[in-house]
Structures are given as C-alpha cells and as structure tokens.
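# Breakdown of the fold
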Amino acid sequence: MKRSKLILFISVFIFLSVLVQAAFCADSCSFDFENDGDVDGKDVFLFSRSENTTSQDCSDFAEQFGKTDCMITAAPQITFQADPQITNGTTSATLSWTALYTDSITIEPGIGDVTGTSSVVITPAQTTEYTLTAVGNGGQSQSKVTVSVDTVPPNMIDFYPANGSVIAASGEAITLLGTFGDNLAGIKSVTLLNEENTDITSSATVTASTIAYILSPIQEKQYSFTLILEDNVSNSKTFPITFRVDKTAPVTTPSVASGRYSSQITLNLTASEDATVYYSTDGYPPFVGASNTKSSSSPASGIVIDSTTRVQFFSVDAAGNRETTKTADYMFTDIPASVTGLTAIFSPSPKQVYLSWSQNPDAQNYCIYRCINFADRLILLDSRANGYSPPKKLKIADTAGNTPDFTDNANLVDGASYYYGVTYIDSNGIESVISDLANTTITPQDPAETIQDAAGRAAAWLENNQQSNGSWGTKEKRILATSQALNGLKVKGVENAGIFQALFFLRAVKADNVDYLARKIVTLSNHGQNADRSVSRLISKSYIYNAQIYGWGIDGSFMVDALDTALGTKALACLSIELKDSEGASLADLGEAALEQWAPLQGPENNKYGWVPGQDISAFVSAAAYSVTNPGASVTQWLSDLQQANGSFEDNITDTAGVLIWVPDIIPDKAAAQLYLVAGQNINGSWGDDPYLTGLCLEALLK
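Residues numbered from 1 in each chain as written. Predicted model: local features only at pLDDT ≥ 70, side-chain atom pairs only at ≥ 80, totals over all residues. Heavy atoms only, no water.

### Digging into the overall build of the chain
For the chain, the helix and strand inventory stands at 15 helices and 36 strands. Every one of the 703 residues in the chain was classed for burial, and the buried ones make up 48%. Across the chain, every contact between residues at least 6 apart in sequence was considered, and the portion connecting residues at least 24 apart equals 64%. Within the structure as shown, the chain displays about 32400 Å² of accessible surface, and the carbon and sulfur contribution to it stands at 49%. (Helix = DSSP H or I, 4+ residues; strand = E, 2+ residues; numbered from the N terminus. Buried < 20%, exposed > 50% of the residue type's maximum accessible area, 1.4 Å probe, protein only. Contact = heavy atoms within 4.5 Å. Areas by Shrake-Rupley, 256 points an atom, 1.4 Å probe, with all protein chains shown as cover.)

Here's what the structure looks like:
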C-alpha cells in the first residue's frame, strides 16, 4: 500500500513538473520523450526558447528531465552599432555588439572573426557598410551598420556683404548675414573674427544655419572679417569677408547754371565720382527705367537746350548711393500767367467731361492736361507753383483757336477720378503756366461686362487709391498689396510717377516674412529694379539640409510649405547674377527640385500642393508650384479638370486668378475664367475694395 502511494506520488510529481515546465516554456520548448533526442550517443534535451535564456537555464531544464546534455536551437540574437556613425577618414569609430546563442561571430568587410569579443575600433577611409554575422546551433543572424566618412568641410551658401563688394549705407548700422550648411556631419562651431582677429561671435546671433552680426556705427572705409565653420568631425573651412562701405551719394553739377538765356546752350552733367547720370528735359521727373529718362556714365555730355526747359537729374554710384533729384531751369522767354476759372463737369449720357474756363485774349489755342494718380497731380501743381509749363507727358489734347471750353470723351474709365488743368499758347508761341486743377469722377452706371472694361476700371481704382507714400493697403499688408498692385499695373502698361513712388516705397520697406520678401524681389525685378541686396535675407530664411536649400516656410523657424517655396524660387530666378555657393554650385534650381522631389512639400497626393503640406489641396498653391516646376500635362490634368461650368476654379476668385496668372496654358476655357472674374468685380472697379485682390485680378485678366 505504501509502495503504491509512493509510485502514485512520484507519477503526480512528474506530471505536475511537466505541466509547470510546459507552462514556463510557453510553447517554446521541444520535448522528445519517445527517442530522447539521442545525438552522438548523448541523451539530449532540445531547447528552443528564443528570449532571455542562458546556457545554465538550458542545463537546469535538461537535468529535471533526466537528460545528460542541452542544445539551444534558437537563432542567434544580436545587436550591432557604431559610435560615432560619421568620421572624417582619419578619426576612428567603435563597432560594438551583443550576441546570444552563437558559436562564431564575423564582421565584414576587412575585419573577420571577432568571436569572444564585443567591440572593435576601426578607421575607414571611405563610407562603409559593415555586416555582422553570428552563427549558432539555431542558424545564422545578421545585422548591418554604416560608418559614413565625411571629408567635405562646411559650405558657405551666401553672405552679405559679399566678399570684395562695395555697399551703400545711408544709416548708422548694417547687418552682416551669412547662411551656411554641412553636407553630412552637421555644424559644430561658427566663429566670426574682426579685422583685429578678435573673436566677436558672442556678439552675433547664431542659429543652426545662419549668423547675423550688427556692425554699428559704420564708417566709410574697408572692413575685413573672417568666418570659420567647423563640422562635427573636425572638417573646417575659413572664409575671408572683405567689403567697402560707401556712405556718400554722388553730387551732380551742371556745366551751365540755371538762368535766362538768349541763345542755344550745350549742357554737361558731371558727377563727383564714377556714377551713372539720369536726366530728363520734358518737365517730368526722371526715374531709372522710365521712358522719358536718359542715362549716361558721368559726364552726360552734349545736352542741347534752345527753348525754355526744366532739366531734372540725379546720379547713382557703383555702391547704389542715389542722389536726390535736382533741377536746373533755363529760361529763354517769360512764361505767361495761367488761365483762371476752370471747371470740370461729368455727363453720363453720353459719357464725357465738359471743361470750361475764362478766355485769355492773347491765346492762340489751349492745351488740356489730365492725370489720375496723386504723384502726377503733385507734378502739375509743382509746375504751377514754380512758374514753368507742365510736362507734355500729361497733355491729352490741344484745342483749335481761342475757344475757352473742351469736351473730353476719350478713354474715360468708369469709376475713375480725374484731375484736369489747362494752359494756353500765346501769340509768341509760348505756353503758359497751368491753371488750378479741376476734379471730377466718372460715375459708373453699370458693372463692367468685358475684360477690357474691367481691367480699365481696376487700374483706375488702384491709381485713385494709391497712398501718398506710394503704397497700397493697410500697414500689415502693405508689402503684399503694393507688390501685387504694381504687378497688375505693369501688365496694364501703366508707367507714371505713381509707379516709381511705389517702387521707392517697396525698396525701402523691410519685409518680415518670406512671402512678402519674395514678392518684393519679384516685383522690383519685373520693373527693372535690382533687388540682389534683398536675396541674402531670403536665403537666410530658407530650410537648409546637407548644405542645400530645401525650400521656405513663412519664416525661417516655420515648417516649409509649397507656396513660400515657389515664391522663394521665383525670387532667386530674378537675380541679375547667377547665385552660387562657395563650392560653385548654382542655387537657382534648388527650390524647383524640392517641390518636385520632396514629399513633405506636397499634399495628400503626389505633385499636388496645399497651403499646409499634407493637407487639403489648393488650386492657387498648386498653380504657383507648377509655374516653377513646369510639369507635363499628366501632372496638371487634375487642375485642368477642376474648371467649373461658370469658368471658375473652386468657385473662388483667388484660386481662379492664381491659375490664370501662373498656368494659363492648362485652362480649357481661359475666356470663361476671365469672365468669371469680371462678374465678381465691384462696380467701382475693385474686387472687395482690396488692393491686393484687385491687383491680382487685373494681372489675371491681362496676363
């Protein structure tokens, strides 16, 4: 009885032990009780548990089952890493690893058997991928790591002022601004030295890819700085930065003084230094690029004057210092006094303005002057105040005989507010001073129906609503509105003093974000103005990766987006010089490549773009991007298909205008899109009384 109980107890114990071991193994142990795993004459317990198992664990399990040996059949478990992962070809890295269930370990290429060790020091001469192979009873496992070799020093992408340049400086400070990057290892340190070789980096503002140093007070002299960039594997490069500051504008002197003359004179205009002289002789102020303006390297010689003439002139030196416009008056006869009593009355049917004034008995005929913008109005008033005849640029008609009235029905634009003035030609053929100005508004009776009518109203509204400093829009949106108003008026063919006043404003105002800065550069360039100086700020706000530009966000600290990248790329393309980095690589195509190839800039679908990357697709933003990347029809077909029956894109004025401006060739029915804009115009000629939107639609109607 006792014996049977003992046998029963032993059987139960073995059974429970098996259950416990099975539960512990959790289906990862192999039991072979029928043939006992007899290998090479040894009774072997086959153990295939895959995690956290040691040889002692294996032996303990084998002993409990009465086995004499244990063999782990799990695949080798390994980890493999390199520290550091980047070297410069002369420095070392350490490969280290851990391994379980292995009989041998090898690393290739070039290292071989490392069984029994856990690390090795290497000094690769080139980027190398290392493969660790571990072999055990359970098979073979591999892991790979790459040690990159970076022998390229950091790269200077841009620096202002450029080395060897001469810059104008009208204030008391300038900002030295550099943008840099590194191909692989990343920037470790940035050091700026002054001409005494003193480290002034602590006085600069340094980010991951820029350095800004305010130089103040500035003197008219040559400056020398040194910028040293070092990456994280001790590659370094030194960049000399030498430039000269020129604070003095040239002074232009006429060879013949203002005064009264009885015979022809020949005038020379000579600047006080090497400079370009700009001048006009028609009474209208000179502007760089204006049709009434002549230019010459100093001196401007051989200007023949044989009648009463106002000569206006200025010079610009090589650094960009601009002289204030000066005037010289050459009088050959007395200028008759003006007529009086001018009135202007608008009649809607037929559409005309009736002018009348007091008759002058000595008049042979009368000259009619008209203007629409504030700047031309000031020019007419200045001619009256200073007693000289007004510029012929603003004359619209001559009367026949001494009839003191005139009906203007030529090219009157609905919604426009016009200013009129009248002069007369006396019996000696001399033109008088202009009269007081009379104002009237062409009150629109109906909305515009045609593209040309809508464009005329839009241009007139913009000219009438330009502010006295030359700008358009509220303070927060002044750069945006002014840039787009100028673009629209450019396409309309408007050229007058108001345009150049707006360009003066745009050159002087600081743009705080990429959108406004890029638009400013593009607009100035479209009007023949050099905007190269603004480009360093634009580059400094770009996203730099591997020493290259990968796009722009609204500012340097914001996520990149498609619209700002497209605008930034357009701005770089406007440069008068080909922009290259210190290694000679062109920057012009980097934004285009980013839009085409970099997924974070695109929407939920490839090659479609939205205001925010990865979110809803925008026709406006996609059109802007396509104007840079110039893709084929297979890419843009979805946008073509987006045009609706009413001619619009997305039933939206902005989207429709954007597609018309940037990718007009993909539009199935361009006229319908333009007429959709016409239908959305206010009767006064604006779109929403908004100068930005009005300028955008004006450009879209005529582009």
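Moving on from the coordinates now.
### Observations regarding the packing of helix α9 (residues 562-573) against helix α11 (residues 619-629)
Here α9 crosses α11 at 35°, and the two axes come no closer than 9 Å. At the point where α9 passes α11, the crossing takes the left-handed sense. Touching Ala562, Leu563, Ala566, Thr569 and Lys570 of α9 are Phe620, Val621, Ala624, Ala625, Ser627 and Val628, all from α11. Each residue belonging to the contact of α9 with α11 can be placed in one class, and the counts come to eight nonpolar, two polar and one charged. (Axes fitted to C-alpha atoms, helices over the stretch in contact; angles between N-to-C directions. Left-handed = near helix turned anticlockwise from the far one by under 90°. Nonpolar A, V, L, I, M, F, W, Y, C, P; charged D, E, K, R; others polar.)

### Points about the sheet that holds strand β25 (residues 300-305)
The antiparallel open sheet is built from three strands, whose spatial order is β20-β22-β25. Every other strand in the sheet has two partners, leaving β20 (252-254) and β25 as the edge strands with one partner each. The sheet shows a mean angle of 25° between the axes of neighbouring strands, taken without regard to direction. Two elements, β20 and strand β22 (residues 265-271), share three bridges in a ladder whose sense is antiparallel. For Thr252, the partnering residue across the bridge sits in β22 and is Ala271. (Pairing = 2+ DSSP bridges.)

### What about the packing of aromatic side chains?
Evaluated as defined, the whole model comprises 14 aromatic pairs. With a centroid separation of 6.5 Å and an interplanar angle of 70°, the aromatic rings of Phe80 and Trp97 are classed as edge-to-face. With Phe80 in strand β4 (residues 77-83) and Trp97 in strand β6 (residues 93-100), this pair connects stretches of sequence that are 17 residues apart. Relative accessible area serves as the criterion here: at 8%, Phe80 is assigned to the buried category. The cationic tip of Arg370 hangs over the ring face of Tyr418; the distance from NZ or CZ to the ring centre is 4.7 Å. Sitting above the plane of the Tyr419 ring, Arg377 keeps its charged end 4.4 Å from the centroid. (Phe/Tyr/Trp six-rings, centres within 6.5 Å; stacked < 30°, edge-to-face > 60°. Lys NZ or Arg CZ within 6 Å of the ring centre and 35° of its normal.)

### Digging into the pattern of salt bridges
Applying the stated criterion across every chain, the model contains 17 salt bridges. Between Arg370 and Asp408 there is a salt bridge, with the nearest N and O atoms lying 2.7 Å from each other. Of this pair, Arg370 sits in strand β30 (residues 365-371) while Asp408 sits in strand β32 (residues 405-408), and the two are 38 residues apart along the sequence. Given a relative accessible area of 16%, Arg370 falls into the buried group. (Salt bridge = Lys/Arg side-chain N within 4 Å of Asp/Glu carboxyl O.)

### Examining helix α3 (residues 374-386)
Because each turn of an α-helix spans 3.6 residues, side chains separated by three or four positions in sequence point in the same direction. Here α3 spans 18 Å end to end across 13 residues, near enough to the 18 Å set by a 1.5 Å rise per residue. All of the buried residues in α3 are Phe374, Ala375, Asp376, Ile379, Leu380 and Ser383. Contact partners of the buried residues in α3: β30 and α6 (497-508). Trailing α3 by a residue or two, Gly387 shows a phi angle of about 75°, which is positive. (Expected span 1.5 Å × (residues − 1).)

### Some points on the nonpolar core
Of all hydrophobic cores here, the largest spans 95 residues; its most connected members are Leu538, Leu639 and Leu677. Look past the residues within four positions of Leu677 in its chain and what remains in contact with it is Ile653, Thr656, Ala657, Leu660, Trp687, Cys697, Ala700 and Leu701. Residues Ala169, Ile174, Tyr213 and Leu229 belong to the second largest nonpolar core, which totals 24 residues. (Core = buried A, V, L, I, M, F, W, Y, C linked by side-chain atoms within 4.5 Å.)

### Examining the sheet that holds β4
Ordered by their spatial adjacency, three strands build an open sheet running β4-β6-β9, and the pairing between neighbours is antiparallel. Strands with a single pairing partner mark the edges of an open sheet, and in this sheet they are β4 and β9 (119-122). On average, each strand axis in the sheet is inclined to that of its neighbour by 15°, with strand direction left out of account. Two strands pair when backbone bridges link them, and β4 and β6 are joined in this way by seven bridges, in the antiparallel orientation. Looking at β6, one finds that Asp83 is bridged to Thr94.

### As for a nonpolar patch on the surface
A surface patch of nonpolar side chains, amounting to about 320 Å² of accessible area, comprises Met559, Trp611 and Val612. Positionally, Met559 belongs in the loop between β36 (548-552) and α9. (Patch = residues over 30% accessible without salt bridge, like charges linked within 9 Å, V, L, I, M, F, W, Y side chains within 5 Å.)

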